[in-house]
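Inside the fold
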Amino acid sequence: KEVTPHFIEIDFGKEYKLKAMVYTPQTTHSEGMMEKGVIQISSDGKTWKTVETFEFGNLINDPTPRTFHFVNTVTTRYIRVEATRIARNDETVTIAELDFL
């Protein structure tokens, strides 16, 4: 069954140098946890370039914040995080908090 892509786009308002993303899953229930995804950047919010792919394991049993360190520091105003796999093949992704370092 095909699922609509789930993503969040963030406009930081100006360019920042970023070296990591911290994903905190919601813990009210074990549904919607983002297991795999793609990180894209943009200078205009329209044209996107993939810079990283990530995977978090064992979120259902250990729903603690996960830090993904980028291979290279990126400088961007816009960032997009798209879930490519949701735990238990759920249809909706959930995020308690998303931070960038």
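Above this note sits the structure.
The shown structure was predicted, so the numbers you read here are calculated from the model rather than taken from an experiment. (Residues numbered from 1 in each chain as written. Predicted model: local features only at pLDDT ≥ 70, side-chain atom pairs only at ≥ 80, totals over all residues. Heavy atoms only, no water.)

**Remarks on the overall build of the protein chain**
Secondary structure assignment for the protein chain yields zero helices and five strands. Listing every helix and strand of the protein chain by position from the N terminus yields β-β-β-β-β. For a compact globule of 101 residues, the expected C-alpha radius of gyration is about 13 Å, and the protein chain comes in at 13 Å, within 12% of that figure. With the principal axes as the frame, the protein chain shows a C-alpha extent of 35 × 30 × 20 Å. In the protein chain, which comprises 101 residues, the proportion classed as buried is 42%. (Helix = DSSP H or I, 4+ residues; strand = E, 2+ residues; numbered from the N terminus. Rg over C-alpha atoms; globule rule 2.2 N^0.38 Å. Buried < 20%, exposed > 50% of the residue type's maximum accessible area, 1.4 Å probe, protein only.)

**Considering unusual backbone geometry**
When glycine is set aside, most residues are seen to have a negative phi, and most peptide bonds are trans. The phi dihedral of Asn58 is positive, around 55°, even though this residue is not glycine. You will see that Arg88, though not glycine, has its phi angle at about 60°, which is positive. On the secondary structure map, Arg88 appears in the loop between β4 (66-86) and β5 (97-100).

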